[in-house]
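# A structural walkthrough
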Amino acid sequence: MTTHSFSSKRLTIIGVGLIGGSLARALRRVNACGEIVGCGRDEAHLKRAVELGVIDRYEVDPAVAVSGADVVVLAVPLRAMATVLSQIAPGLAADVVITDVGSAKGCVVEAVRSVLAERFCDFVPGHPIAGTEKSGVEASFAELFDNRSVILTPVEETDSNKCARIRTMWEAAGANVSEMAALHHDEVLAATSHLPHLLAFSLVNTLASLDERKEIFDYAAGGFRDFTRIASSDPVMWRDICMENRDALLEVLAHFNNGLKQLEEAVHDNDGEAVLNVFTRAKVTRDRFCG
Ligand code: NAP
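The following refers to the structure shown. Keep in mind it's a predicted model, so treat the numbers as computed, not measured.

### Let's talk about the packing of helix 1 (residues 18-29) against helix 6 (residues 160-172)
Running from N to C, helix 1 and helix 6 point in directions that differ by 80°, and their axes come no closer than 8 Å. One element, helix 1, and the other, helix 6, form an angle in the roughly perpendicular class. Residue-level inspection shows L23, A26 and L27 of helix 1 in contact with helix 6, the latter providing M169, W170 and A172. In terms of residue class, the contact of helix 1 with helix 6 is made up of six nonpolar, no polar and no charged.

### Quick look at a negative patch on the surface
On the surface, E265, D269, D271 and E273 cluster together into a negatively charged patch. By secondary structure assignment, the location of D269 is in the loop between helix 11 (246-268) and helix 12 (272-290). When its relative accessible area of 53% is taken as the criterion, D269 is described as exposed.

### So, the packing of aromatic side chains
Enumeration according to the criterion identifies one aromatic pair in this entry. Plain terms: the ring middles of F145 and W170 are 5.0 Å apart, the flat faces sit at 75° to each other, and that makes the pair edge-to-face. Here the residue F145 occupies a position in the loop between strand 7 (126-128) and strand 8 (149-152), and W170 occupies one in helix 6, the gap between them amounting to 25 residues. Overall, the relative accessible area of 1% leaves F145 in the buried class.

### Concerning the environment of G136
As for its position among the elements, G136 is in the loop between strand 7 and strand 8. G136 sits 121 residues away from G15 along the chain, and the two C-alpha atoms are 9.0 Å apart. With sequence-adjacent residues up to four places away left out, G136 is seen in contact with G17 and L18.

### Thoughts on helix 5 (residues 106-116)
Considered for burial, the residues of helix 5 that qualify are G106, C107, V108, V109, A111, V112 and L116. Buried residues in helix 5 make contact with helix 4 (81-88), strand 5 (97-100), strand 6 (123-124), helix 7 (182-208) and helix 10 (235-244). Where helix 5 ends, the next residue or the one after it, A117, has phi of about 50°, a positive value.

### Details of the nonpolar core
Core analysis: the largest hydrophobic core is formed by 39 residues, its most contacted members being F6, L11, L27, F145, M169 and W170. Among the secondary structure elements, those contributing two or more residues to this core are strand 1 (8-14), helix 1, strand 2 (33-39), helix 2 (43-51), strand 4 (71-74), strand 8 and helix 6. Here this core takes six residues from helix 1, the largest share from any one element. What L27 contacts, discounting residues up to four positions off in sequence, is F6, L11, A32, C33, M169, A172 and A173.

### Let's talk about the site of the ligand
Within the structure, the ligand sits among 28 residues, and R41, H45, V76, S103 and G136 are positioned closest to it. One of the backbone nitrogen or oxygen atoms of G17 is found 3.3 Å away from an oxygen atom of the ligand. For the ligand, whose unbound accessible area comes to 880 Å², protein coverage reaches 87%. Those elements giving two or more residues to the shell around the ligand turn out to be helix 1, helix 4, strand 7 and helix 10. A breakdown of the residues in the shell around the ligand according to their chemical character gives 15 nonpolar, eleven polar and two charged.

### Looking at the pattern of salt bridges
Side chains that carry opposite charge are capable of pairing whenever their charged atoms lie near each other. By the definition in use, this model includes 21 salt bridges. Close ionic contact of E171 with R167 constitutes a salt bridge, the shortest N to O distance being 3.9 Å. With a gap of four residues between them, E171 and R167 both fall in helix 6, about one helical turn apart. Taking the relative accessible area as the measure of exposure, E171 reaches 36% and is therefore partly exposed. Residues K283 and D287 are paired through a salt bridge, measuring 2.6 Å at the closest nitrogen-oxygen approach. With a gap of four residues between them, K283 and D287 both fall in helix 12, about one helical turn apart. Since its relative accessible area comes to 39%, D287 is described here as partly exposed. One network of salt bridges, in which partners are shared, links R10, E35, R57 and E59.

What counts and how
Throughout, residues of each chain are indexed from 1 in the direction in which the sequence is written. The model is predicted, so local features are restricted to residues of pLDDT at least 70 and side-chain atom pairs to those at 80 or more, both for listing and for counting; the totals for chains, interfaces and linings are taken over all residues. To obtain the side-chain values, all non-hydrogen atoms of the structure were included, while hydrogens and water were left out. What counts as an axis is a line fitted to C-alpha atoms, over the stretch in contact for a helix, and the angles between N-to-C directions run from 0 to 180 degrees. Working definition: helices are DSSP H or I runs of at least four residues, strands are E runs of at least two. Numbering for both runs from the N terminus. Angles below 35 degrees are treated as roughly parallel, those above 145 as roughly antiparallel, those between 65 and 115 as roughly perpendicular, and all remaining angles as oblique. Contacts were defined at the residue level, with two residues in contact if any of their heavy atoms lie within 4.5 Å. Residue classes follow a fixed rule: Ala, Val, Leu, Ile, Met, Phe, Trp, Tyr, Cys and Pro count as nonpolar, while Asp, Glu, Lys and Arg count as charged, and any other residue, Gly among them, counts as polar. Each patch is assembled from residues with relative accessible area greater than 30% and no salt bridge, linking like charges that lie within 9 Å and nonpolar side chains (Val, Leu, Ile, Met, Phe, Trp, Tyr) that lie within 5 Å. Note on areas: these come from Shrake-Rupley sampling with a 1.4 Å probe, and a residue is covered only by the protein chains present in the view. Here a salt bridge means any side-chain nitrogen of Lys or Arg lying within 4 Å of a carboxyl oxygen belonging to Asp or Glu. Positive charge is attributed to Lys and Arg, negative charge to Asp and Glu, and no charge count is given to His or to the chain ends. Think of each charge as sitting on NZ of Lys, CZ of Arg, CG of Asp or CD of Glu. Categorising residues by exposure relies on relative accessible area from a 1.4 Å probe, with only protein chains included: less than 20% of the type maximum marks a residue as buried, more than 50% marks it as exposed, and the intermediate range marks it as partly exposed. Two rings belonging to Phe, Tyr or Trp (six-membered ring only in the last case) form a pair when the distance between their centres is within 6.5 Å. Interplanar angles under 30 degrees mark stacking, angles over 60 mark edge-to-face geometry, and anything in between is tilted. In this description, a nonpolar core means a group of buried Ala, Val, Leu, Ile, Met, Phe, Trp, Tyr and Cys residues linked to one another through side-chain atoms lying within 4.5 Å. Nearness is judged by heavy atoms alone; a residue qualifies as near a molecule or strand once a single heavy atom is within 4 Å of it. Counting of polar contacts relies on pairs of N or O atoms within 3.5 Å, with two restrictions inside protein: one atom must be capable of donating a hydrogen and the other of accepting it, and residues adjacent in sequence are counted only when both atoms are side-chain atoms.

Following this line, the structure appears as structure tokens:
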């Protein structure tokens, strides 16, 4: 394990689920925190997080949970971010750095700007490009971020020292950190993550409404499972992502629909050469970039 320069006396995680829980485990692995405090809506989930050794203790009141913390991580679904921010605002310490892990960044930046007002500079927007289709603290694991990318999307007002601190936090958790403008992040992630999830949910939903659905799912094999694994992801989280990154998602969806229409026409017209061209270009591209 590489050395890191991150340490926190008290780090508070709001939303101790897959991502929040995995970050806590990863930071514990390198003894980076004096204390990790958790907070969420359901006390049973927080008790479980303590039992699993993911957090040291929990608070059910968000303002109390962040009191005395030098780092606060928001790891709740996107549409819960603004509410959670207004709940924690009264308890924030003067020297705190706040960050988030939300999968879309433009919406979070705007929500934080309006809720935190003059303390907006204390917030560093972030997104770990790592996850699974599972949810909750039980699914969390310390290695989730090892050698994975984390994108920070600081804006002009963001305190550069606080941004550097969050960079070292993710490095301590095993990740490689880069920076990008929030809107660019949202366009890239719409294509690489949000569109594929939308397609997987749509495919399984369409097949589920067919009369032969029992047979379809009984005989589903490798390809179907590979393609649709992500349709087991949390519907609330993905509803939020699709709604909060609407513009970028609609743009890439229009491109996709166009390509699908052309493929449909080629199949309809018995144009095997056109189909082969599409499949070959796709295979070459995937082998080169994901091989
Ligand atoms: P998760 O496993 O469902 O965890 C979400 C946590 O937030 C739970 O502990 C939940 O606990 C808490 N929570 C939910 N709604 C809340 C609310 N209104 N107020 C306070 N706490 C609330 O989800 P996750 O996969 O970790 O995702 C969390 C964030 O990470 C999302 O913003 C998502 O976009 C982002 N992200 C996810 C992935 C991925 O692949 N999963 C990857 C990168 C980033 P209670 O139910 O007890 O409140």
